[in-house]
Amino acid sequence: MNVQAPIELTSAERAEKLQGMGCKRKRVEDIRFTQGKGNYVDDVKLPGMLFGDFVRSSHAHARIKSIDTSKAKALPGVLAVLTAADLKPLNLHYMPTLAGDVQAVLADEKVLFQNQEVAFVVAKDRYIAADAIELVEVEYEPLPVLVDPFKALEPDAPLLREDIKDKMTGAHGPRKHHNHIFFWDIGDKDGTDEAFAKADVVSKDMFTYHRVHPSPLETCQCVASMDKIKGELTLWGTFQAPHVIRTVVSLISGLPEHKIHVIAPDIGGGFGNKVGAYSGYVCAVVASIVLGVPVKWVEDRMENLSTTSFARDYHMTTELAATKDGKILAMRCHVLADHGAFDACADPSKWPAGFMNICTGSYDMPVAYLSVDGVYTNKASGGVAYRCSFRVTEAVYAIERAIETLAQRLGMDSADLRIKNFIQPEQFPYHAPLGWEYDSGNYPLAMKKAMDAVGYRALRAEQKQKQEAFKRGETRELMGIGISFFTEIVGAGPSKNCDILGVAMFDSAEIRIHPTGSIIARMGTKSQGQGHETTYAQIIATELGIPADDIMIEEGNTDTAPYGLGTYGSRSTPTAGAATAVAARKIKAKAQMIAAHLLEVHEGDLEWDVDRFRVKGLPEKFKTMKEIAWASYNSPPPNLEPGLEAVNYYDPPNMTYPFGAYFCVMDIDVDTGVAKTRRFYALDDCGTRINPMIIEGQVHGGLTEAFAVAMGQEIRYDEQGNVMGASFMDFFLPTAVETPKWETDYTVTPSPHHPIGAKGVGESPHVGGVPCFSNAVNDAFAFLNAGHIQMPHDAWRLWKVGERLGLHV
Amino acid sequence: MIPGSFDYHRPKSVADAVALLVKLGEDARPLAGGHSLIPMMKTRLATPEHLVDLRAIGDLKGIREEGGDIVIGAMTTQHTLIGSDLLAAKLPIIRETSLLIADPQIRYMGTIGGNAANGDPGNDMPALMQCLGASYELTGPNGVRRVAAREFYQAAYFTALETGEILTAIRIPVPPVGHGYAYEKLKRKIGDYATAAAAVVLTMSGGKCTSASIGLTNVADTPLWAEEAANALVGTALDKAALDKAVALAEAITSPAADGRGPAEYRTKMAGVMLRRAAERAKSRAKN
């Protein structure tokens, strides 16, 4: 097994063959996905498997007077109907949430939102289960419904959470009202007040970031299989964080953690929706334990949109203080956060409002103050980070809209206002007034590149002409130019800041080289479409000189993968990607010892050359990593244990801070309110670029979801708390026809603390895209003094703006 | 999203289908392309015990010219309508409208008869058929009768179809050579029903409109034939004043529901905007 690479290849040629970092390697997982050979949870079919389905509340707020399951139980093929009464003796009728609250698994005495889980039917197949649901008779006594979060804290507001009505201290401190969840603040309140008092200009607006839903194409689902003989539970599920689920299941069920096998197979998109624990998982597990056979639970689309984790619903009163020539002096922001019926936000436990305190954005200001009040309403719970790091999209929306409204009040161009206030390259690492330490950035460079690329000044001149033409009645279109310059905070996170239920938010990689020089590597993260099987292999290929095609990446099986916190918040590259590089370097260090032994030289006489160690000054004397792998098992140096593998658990020293400059040009038909995106340019800086093609794909996907959120997606409730439009007929999921064409660009500012300088990119386009679209819409109407226009910017709402401004005469 | 149980029938002739529908009565529903009925069954808004699939009945497919009429079999798919040379030459507005229905995959399944007969005000064909003065051939136990599209729709999902009857063909008088036409549809995305849509067919001579017909989609619980609005165009040069008047008359007969597409006032106004644009485009296409 002493196969050597042909010596005629140059280092550069050998490097290219590795398909390592920086190359546009095609996604290896797509071979199975594009041929319908993926293996998803619903593909799991076990002998004797039963199917569970929920009876759901038709009311948003009602007392349950009675539940009669007798007719359902009498239906042939029905094996069980679980209610809260059945779970109570097991103390499983409530489960802990990630935010320190509890959430009803099955409604206990009353329901708190429409479609809440009331009973769990277990039957031989889906059809019987669906028939049985209709036979469960639930008698409700309707109660007053609270939908408007601004009314939640009124003295006579209906009491929602009777289960905690006497518990006036929550997970994040005192509660000031029966519908209050927490108050959280950060920053220098007095200093901020002082800066505002002295400012020439104070710009204040209330920006609502409406309730939306991550809506992955595959809904949430699981199969629970309890082996009563072995006392082992196997749980297949759509889990973005499989290890955390294993720990939570162990803590809730009392089963020892080594007897729980959690497997996340292929996942069809997550976007935050698949981070939390849901009633379906608990009920499937309980049913499998009780009945001793596997039980599958699969959400349908309406259930997914109306019950499992929504996102946003932040009402952000945002103020900037500035000098009259446009230097920002301070920011003050208060958020009213609508968390629905239970506080099931998926944030690191110490951060009830996520990383909302990144809201000072890309701008240097001496002082800021942020406060957040979380409230209960009769809506589904959640508050997940839908394609963003925790609440970062809300933070970026607030500052990027506030910059625009401040510019308008100052009579300044908003690009110029941004440039004037940017944190400068020499200020990094930059200590932001709300606590974070930005690792690196070059904002002026990115902004200039973007402005040149779109021809910004010419666009403004064209817009001016269009506005004059509109006023003369020559056109019915308004032209808007949207800008967003965002700073993300991703890669949660350092254990000093971040944990989930006490579990520190490190991540991990384990790399094992086989004797013939191929590799299996496992990580604690879990791809839901991000392309981990492709990109982690590229990191290893570059670090170890083994071709990416000879490296298999495996995630999602908690029995084999090292413990990790999963994939969300653009954390995989900053955490497990770092662990991968560190583990590879451990292997490389051992490989160097072996190579020195084989070449009979001192370790220090060797240098690394793409895929081999060679003797300095004697390039024909070398050992390839493949040769070293064989030797590591079969002829290791004396006193060195055989084998070539390493594991690393990586606790990042800091978050990473990707950033970007986005520009959007939009034309709005005032007669219909239809907005057409003429152009969208996205410059992203995610540090070192592992696979430019995957980055581009991530940017396309994130921008498409940003377009959806800004221009139409909405989970809406009527006054009775009925959830409106919880299907893809109404919930806006753009097709290729509606989606604008994306232009992508980049700069590279490596993270100084990450082993390969990478920062994470999956969520940047969403975070930066939403305010860019919204700014374009607002900019189109700004010359008519429209004031801030709330999202979503769907056609009828934009038509209403025109109606308000008298444009339809 | 799981339908209740039902029995499935696949008759080979219209007579067999009618006999089945008569025998099974109210518990049976004929199935054409299924793109309205099946989603309703999955949400259990419809729970038929029997589905009578018309797909295997060859007589229900095809497009032919008969006298001065075009006759289209009810089970002719939208895909077929789009590809028809005969329709392209004589009734191009059918192709234009069909291309705005759903997406290509659905148009392979969706049929003109199903679209017309289901009585869903969101469907596009009913208002177009009213605009074109089409008549429906309804075949039942007592033979065939004809009902004008303008008389067929009673309320959402309520039509002139009697139990045991099937819409078997649609007969459309061919508009004059050189007619102008347009179907304007405002929708949120591909696959959506119209926020509002307008079908216009008109003729011009000497710079004046000599005839006009207007159908409106999804702005009431039935399709609307806007007769007065159309009359307001005849004899005019289709100038702004005439269009303003027609738009006002059309808006006056709408009574849309508020939904995710927008509040009622918006949908009424969009009916007007679609009408104005359709009329302008039809005028530009008409031979003088």
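Residues numbered from 1 in each chain as written. Chains lettered and ligands numbered in written order. Predicted model: local features only at pLDDT ≥ 70, side-chain atom pairs only at ≥ 80, totals over all residues. Heavy atoms only, no water.

Named according to an unreviewed UniProt entry, chain B is Xanthine dehydrogenase family protein subunit M originating from Candidatus Afipia apatlaquensis.

What counts is decided by this rule: UniProt positions are given in the numbering used here, feature names are shortened, and annotations may be inferred rather than shown by experiment.
An unreviewed UniProt entry annotates chain A as Carbon monoxide dehydrogenase large chain originating from Bradyrhizobium betae. Checking UniProt for chain A, the heading Subunit (unreviewed entry) contains the comment "Dimer of heterotrimers. Each heterotrimer consists of a large, a medium and a small subunit." Taken verbatim from the UniProt record of chain A, the Catalytic activity (unreviewed entry) comment is "CO + a quinone + H2O = a quinol + CO2".

## Observations regarding the overall build of chain A
What counts is decided by this rule: In DSSP terms, a helix is any run of H or I states spanning at least four residues, a strand is any run of E spanning at least two, and both are numbered starting from the N terminus. A radius of gyration in this sense is built from C-alpha atoms; the matching globule rule multiplies 2.2 Å by the number of residues raised to 0.38. Remark: exposure states derive from per-residue accessible area (1.4 Å probe, protein chains only) relative to the maximum for the residue type, with buried under 20%, exposed over 50%, and partly exposed in between. Using a 1.4 Å probe, accessible areas were evaluated by the Shrake-Rupley method; residue-level cover was limited to the displayed protein chains. His is not counted, nor are the chain ends; Lys and Arg add positive charge and Asp and Glu add negative charge. By convention, the point assigned to a charge is CZ for Arg, NZ for Lys, CD for Glu and CG for Asp.
What chain A contains, in helices and strands, is 19 helices and 37 strands. Taking 809 residues into account, the globule formula puts the C-alpha radius of gyration at 28 Å, and chain A, at 28 Å, falls close to it. Judged by the C-alpha coordinates and their principal axes, chain A covers about 85 × 75 × 50 Å. When each of the 809 residues of chain A is scored for burial, the buried share is 63%. When the accessible surface of chain A is split by element, carbon and sulfur atoms take 54% of a total near 28300 Å². Computed over 81 positive and 102 negative side-chain charges, the inter-centroid distance for chain A is 1 Å.

## As for the sheet that holds strand S16 (residues 295–298) of chain A
Residue and element names in this part refer to chain A. The criterion, for reference: A strand pair is defined by DSSP finding two or more bridges across the two strands. For helices, the axis comes from a line fit to the C-alpha atoms of the stretch in contact; other axes are also lines fit to C-alpha atoms, and the angle between any two N-to-C directions lies between 0 and 180 degrees. Every residue pair with non-hydrogen atoms within 4.5 Å of one another is taken to be in contact.
A sheet is described by the order of its strands in space; here seven strands give the open sequence S3-S7-S1-S16-S13-S14-S15, paired in mixed fashion. One side of each edge strand has no neighbouring strand; the edge strands of this open sheet are strand S3 (78–83) and strand S15 (260–263). Sheet twist, expressed as the mean angle between neighbouring strand axes with direction ignored, is 20°. Where S3 lies against strand S7 (residues 117–123), five bridges are found, and the strand directions are antiparallel. Bridge pairing in S7 links Leu82 to Phe120. Strands in contact with helix H7 (residues 242–253) are strand S14 (232–237) and S15; relative to S15, the strand with the most contacts, it is inclined by about 145°. Seen against the sheet, helix H8 (residues 279–291) touches strand S1 (50–56), S3, S7, strand S13 (221–227), S14 and S16 and runs at an angle of roughly 25° to S13.

## Points about the sheet that holds strand S13 (residues 208–217) of chain B
Residue and element names in this part refer to chain B. Pairing is antiparallel in the open sheet, where four strands are placed in the order S11-S12-S13-S14. The sheet is open, and its two edges are formed by strand S11 (180–186) and strand S14 (224–225), each paired on a single side. In this structure, strand S12 (residues 196–205) lies alongside S13, joined through nine bridges in antiparallel fashion. Residue pairing in the sheet places Val201 in a bridge with Ser213 of S13.

## Let's talk about a negative patch on the surface
Residue and element names in this part refer to chain B. The line we're drawing: Like-charged residues within 9 Å of one another, or nonpolar side chains (Val, Leu, Ile, Met, Phe, Trp, Tyr) within 5 Å, are grouped into patches, provided each residue has over 30% relative accessible area and no salt bridge. The rule for a salt bridge is simple: a side-chain nitrogen of Lys or Arg has to be within 4 Å of a carboxyl oxygen of Asp or Glu.
Together, Asp7, Glu26, Asp27 and Glu49 line one region of the surface with negative charge. Following the sequence through the fold, Glu49 ends up in the loop between helix H2 (37–42) and strand S3 (50–53). In this structure Glu49 comes out as partly exposed when scored by relative accessible area, which is 45%.

## Side note on the domain arrangement of chain B
Counted only if it meets this: Start and end positions for the domains come from either an automated domain assignment or a database one.
One can read the domain layout of chain B as domain 1 (7–50), domain 2 (61–173) and domain 3 (180–285). Spacing between the C-alpha centres of domain 1 of chain B and domain 3 of chain B amounts to 34 Å.

## A short note on unusual backbone geometry
Residues and elements named next belong to chain A. The step from Phe428 to Pro429 runs through a cis peptide bond, and the omega angle for that step is -5°. Here Pro429 is to be found in the loop between helix H11 (414–421) and strand S21 (430–431). Here the bond from Met791 into Pro792 is cis, since omega is -5°, no more than 30 degrees from zero. By the secondary structure assignment, Pro792 is in the loop between helix H18 (764–782) and helix H19 (795–804). The residue Ser570 is not glycine, and still its phi comes out positive at about 50°. Its place among the elements puts Ser570 in the loop between strand S28 (551–554) and helix H15 (572–599).

## Some thoughts on the side chain of A:Thr219
Residues and elements named next belong to chain A. In plain terms, the rule: Counting of polar contacts relies on pairs of N or O atoms within 3.5 Å, with two restrictions inside protein: one atom must be capable of donating a hydrogen and the other of accepting it, and residues adjacent in sequence are counted only when both atoms are side-chain atoms.
Considering the arrangement of structural elements, one finds Thr219 in the loop between strand S12 (201–212) and S13. Within the local environment of Thr219, its side chain forms a polar contact with the backbone oxygen of Glu299, the two atoms lying 2.7 Å apart. Discounting chain neighbours no more than four positions away, the residues touching Thr219 are Thr238, Lys274, Val298, Glu299, Asp300, Arg301 and Asn304.

## Topic: the domain arrangement of chain A
The parts lose accessible area when they come together, and the size of an interface is often stated as this lost area. All names here are of chain A. Applied cut-off: Buried area counts how much accessible surface, traced with a 1.4 Å probe, disappears from two parts once they are put together, with both parts' losses summed.
On domain assignment, one finds that chain A holds domain 1 (11–38 + 507–650), domain 2 (41–143 + 219–267 + 274–306) and domain 3 (310–492 + 655–804). Taking only C-alpha atoms into account, the centre of domain 1 sits 38 Å from that of domain 3. Facing 28 residues of domain 1, the contacting portion of domain 3 comprises 25 residues. At the boundary of domain 1 with domain 3, total buried surface from both sides reaches about 1800 Å², with 65% on carbon and sulfur atoms. When residues of domain 1 are sorted by the area they lose upon contact with domain 3, Gly569, Ser570 and Pro574 head the list and together hold 26% of the total. Here domain 1 is connected to domain 3 by zero salt bridges. For the pair domain 1 and domain 3, the interface holds 12 residue pairs in polar contact (both at pLDDT 80 or more). For the side of domain 1 that touches domain 3, the elements supplying multiple residues, two or more each, are helix H14 (532–544) and H15.

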